[in-house]
Amino acid sequence: VTRAIQRILWPATELVGIRPLFDLQNAARGGTAPFEVIKVNQAGKLVAAPELQVQLIHEDRDYYWNYSHQSSWKMEYREAEYPEQRLNLAIAPGERAKLAFPIQHGRYRVEILDPSTKLTTTLRFHSGWYGDEDTKGAARPDKVTLHLDQATYRAGDTIKLKVLPPHAGEGLI
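Residues numbered from 1 in each chain as written. Predicted model: local features only at pLDDT ≥ 70, side-chain atom pairs only at ≥ 80, totals over all residues. Heavy atoms only, no water.

### So, the pattern of salt bridges
Here comes step 1: Throughout the structure, instances matching the rule amount to 10 salt bridges.
Here comes step 2: We note a salt bridge from R61 to E79, for which the minimum N-O separation is 2.9 Å. One end of the pair, R61, is in strand β3 (residues 49-68); the other, E79, is in strand β4 (residues 72-91), with 18 residues separating them in the sequence.
Here comes step 3: Judged by relative accessible area, R61 falls into the partly exposed class, the value being 23%.
Here comes step 4: Here E79 falls in the partly exposed class, since its relative accessible area comes to 39%.
Here comes step 5: Close ionic contact of E111 with R109 constitutes a salt bridge, the shortest N to O distance being 2.8 Å. Each member of the pair, E111 as well as R109, is classed as buried. (Salt bridge = Lys/Arg side-chain N within 4 Å of Asp/Glu carboxyl O. Helix = DSSP H or I, 4+ residues; strand = E, 2+ residues; numbered from the N terminus. Buried < 20%, exposed > 50% of the residue type's maximum accessible area, 1.4 Å probe, protein only.)

### Here's the deal with the environment of D114
Here comes step 1: Relative to the assigned elements, D114 resides in strand β6 (residues 106-114).
Here comes step 2: Exposure remark for D114: the relative accessible area of 5% places this residue in the buried category.
Here comes step 3: Put simply, D114 and E81 are 33 residues apart on the chain and 21 Å apart in space, counted from C-alpha to C-alpha.
Here comes step 4: If near-sequence neighbours (up to four positions away) are discounted, D114 is found in contact with V16, K39, L52 and L119.
Here comes step 5: Here K39 takes part through its side chain, which lies 2.8 Å from a polar atom of the side chain of D114. (Contact = heavy atoms within 4.5 Å. Polar contact = N/O pair within 3.5 Å; in protein donor to acceptor, adjacent residues only side chain to side chain.)

### Description of the confidence of the model for the protein chain
Here comes step 1: On average, residues of the protein chain score 87 in pLDDT, and 92% of them are at 70 or above.
Here comes step 2: Element-level mean pLDDT values for the protein chain span from 83 in strand β8 (residues 145-148) up to 96 in strand β1 (residues 14-20).
Here comes step 3: Confidence over residues 132-138 falls short of pLDDT 50; this stretch has zero contacts with residues more than four positions distant or in other chains. (pLDDT = per-residue confidence, 0-100.)

### What to know about the side chain of K39
Here comes step 1: With respect to the secondary-structure elements, K39 resides in strand β2 (residues 32-41).
Here comes step 2: Setting aside chain neighbours within four positions, we find K39 in contact with E14, L15, V16, K45, L46, V47, A48, A49, I91, D114 and S116.

### So, the environment of E79
Here comes step 1: In this structure the C-alpha to C-alpha distance between E79 and D23, which are 56 residues apart in sequence, comes to 24 Å.
Here comes step 2: Ignoring anything within four residues of it in the chain, the contact list for E79 reads E59, D60 and R61.
Here comes step 3: Reaching out from E79, the side chain makes a polar contact with the side chain of R61 at a distance of 2.9 Å.

### Thoughts on the side chain of T121
Here comes step 1: Within the secondary structure layout, T121 lies in strand β7 (residues 119-127).
Here comes step 2: For T121, the side chain forms a polar contact with the main-chain oxygen of V16, separated by 2.9 Å.

### A short note on unusual backbone geometry
Here comes step 1: The backbone of K118 shows a phi angle near 60°, a positive value even though the residue is not glycine.
Here comes step 2: When its relative accessible area of 70% is taken as the criterion, K118 is described as exposed.

And the structure:
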């Protein structure tokens, strides 16, 4: 016998909400990212938020290829976070607040800490084009074709190498 039950649980009696005023999948690169911020109680009534702490964080991912005998080539990344802007925000009872951050290309995260509840509301978005999981295997390093001008070489010989990548881009030899 299998049974399921759904419940909505509020971790506090009042919560902060953030709504992007743009398409999360296509924020304007080099433009601004506008948001609307509210604080509501369990009845859905807008309440005051006298001291919200807002932070915009740039999430930078450095992608690289890694090879192992068990799983062949695999794309991995290292992630670093760079806080770009911090500000305090006050919302009057029954009001909504507006925020706008200047953004460039990349992944971003907005965090809003409510000191009264000690809860943080988080929203991730990106600006500009980005690659995603749909490109698996599209440009693996083992798919670059290399042509040598000779079959063997001796110390001091000059090697002529022709590199034929599957598409244009930067490379390191």
